[in-house]
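Examining the three-dimensional arrangement
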Amino acid sequence: MFLDEIFKAGDGILNSLLTVLNERRYTNEGVTTDVPVISFFSASNEIPNFRNAEEQILAPLYDRFQLKVVTRNVQNRKARLRILKEKQNEQFGTVTATIALGELYAMQRQVQLVPVPESINELMDDVLCELRRQNITVSDRKFFGFGRIAQAAAWLAGHAEVQPNDLLSLKNYLWNEPKEIETVRVVLEKLCDNPLRTHLGELLHKGRDAFAAFDAAPSVKALVPLRAAFAALYQEWCVLDDSAQSDEQRAQTAETLADLESLNRKAHDTCHFSYSTLKELSLLQAV
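The sections below set out a description of the structure shown in this document. All of these numbers come straight from a predicted model, not from anything done at the bench. (Residues numbered from 1 in each chain as written. Predicted model: local features only at pLDDT ≥ 70, side-chain atom pairs only at ≥ 80, totals over all residues. Heavy atoms only, no water.)

1. Some points on the side chain of Asn264
Under the convention used in this document: Where helices and strands are cited, they refer to DSSP runs of H or I of at least four residues and of E of at least two residues respectively, numbered from the N terminus. Throughout this description, buried means an accessible area under 20% of the type-specific maximum (1.4 Å probe, protein chains only), exposed means over 50%, and partly exposed covers the range between. Under this definition, polar contacts are N or O atom pairs within 3.5 Å; protein pairs additionally need one hydrogen-donor-capable and one acceptor-capable atom, and for neighbouring residues in sequence, both atoms have to be side-chain atoms. Whether two residues are in contact is decided by their heavy atoms: any pair within 4.5 Å suffices.
With respect to the helices and strands, the residue Asn264 is situated in helix 12 (residues 247–270). Asn264 sits in the buried class, given a relative accessible area of 1%. One polar contact links Asn264 to Glu261, side chain to side chain, over a distance of 3.0 Å. Those residues in contact with Asn264, other than ones at most four positions away along the chain, are Phe230, Tyr275, Ser276, Thr277, Leu278 and Leu281.

Structure representation (structure tokens):
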């Protein structure tokens with residue numbers, strides 16, 4: 001079903017639209033009619049300003065539209081002329097490929113069977129928290145409903161289950177205003193394109209911070225809390241190393257451990273203290 005200029009509708013129409021979107025049925029003067037649509041599409045030149053109290057009533061409706069696309073003036077000369085010719089010949093928008101309704105239903109059933117691992121839910125929670133730190137509002141409805149889009153992306157990519165990079169498809173799902181698109185893209189790429197590399201980078205950053213605090217006033221006394229911090233970081237590293245799923249990822253974890261080990265050795269050498277590896281420090285802390 002295609003809805004045009006819905007944000008200019010009155011309260012009554014908006015309430016009816018919400019009912020149809022939620023229940024796929026419409027009641028008028030006591031008569032209820034089923035509305036057996038699969039998807040709703042809308043076009044509007046005006047996105048509501050939800051900071052305006054008078055337009056807050058539109059927020060629930062807007063939140064129910066999942067994928068959003070911003071269209072701009074045609075920038076490319078060749079494309080402009082092609083579209084111009086198509087319009088003049090009344091060929092613009094001609095459908096050249098179709099999907100039978102039965103095929104669409106079959107694809108939807110297959111998409112629903114794509115598993116969403118718990119690790120993906122945890123990663124998506126990381127995305128949620130980071131976007132909120134960036135002052136981008138993600139409603140509970142959006143957060144809890146991301147699965148179908150991620151499953152569809154995984155199915156189209158031929159994945160047996162949802163993978164981290166399938167969450168990149170949420171770029172057009174999570175923004176509220178066009179100005180947020182770039183921030184959403186950056187957050188998704190940072191956390192989902194190679195989440196292990198991101199976590200390893202954060203781990204190494206912690207190690208460098210701990211070493212810098214020690215190096216500001218190096219002493220055997222300062223080495224004690226540093227050893228404890230390195231032991232804890234090693235435990236975090238073990239969890240990440242266990243999650244590595246390819247030779248490339250295992251190489252990344254090994255490189256991070258080598259960098260942490262280098263800081264650990266440097267701290268011991270500075271204090272002329274017997275060197276203990278990170279693994280040994282971790283075992284000592286456990287005793």
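Structure shown, so let's carry the discussion forward.
2. Points about the packing of aromatic side chains
Using the following cut-off: When the centres of two rings from Phe, Tyr and Trp lie within 6.5 Å, Trp using its six-membered ring, the rings pair. Their planes under 30 degrees apart give stacked, over 60 give edge-to-face, and anything left gives tilted.
Applying the stated rule across the entire model yields 3 aromatic pairs. For the ring pair Phe211 and Phe214, a centre distance of 5.9 Å and an interplane angle of 50 degrees mean the geometry is tilted. Placement of both Phe211 and Phe214 in helix 10 (residues 195–215) is noted, with a separation of 3 residues, approximately one turn of the helix. You can call Phe211 buried: its relative accessible area is 7%. With centroids separated by 5.7 Å and ring planes inclined at 20 degrees, the aromatic side chains of Tyr234 and Trp237 adopt a geometry described as stacked.

3. Observations regarding a negative patch on the surface
Applicable threshold: Residues qualify for a patch when their relative accessible area is over 30% and they have no salt bridge, like charges being joined within 9 Å and the nonpolar side chains of Val, Leu, Ile, Met, Phe, Trp and Tyr within 5 Å. To be clear on the numbers: accessible area is Shrake-Rupley with a 1.4 Å probe, and residue cover counts the displayed protein chains and nothing else. The term salt bridge refers to a side-chain nitrogen of Lys or Arg lying within 4 Å of a carboxyl oxygen of Asp or Glu. Here the positive residues are Lys and Arg and the negative ones are Asp and Glu; neither His nor the chain ends is included. For the purpose of locating charges, the reference atoms are NZ of Lys, CZ of Arg, CG of Asp and CD of Glu.
Together, Glu118, Glu122, Asp125, Asp126 and Glu202 make up a negatively charged patch on the protein surface. The greatest single-element share of the negative patch, amounting to 4 residues, is contributed by helix 5 (residues 118–133). By the secondary structure assignment, Asp125 is in helix 5. The exposure class of Asp125 is partly exposed, given its relative accessible area of 33%.

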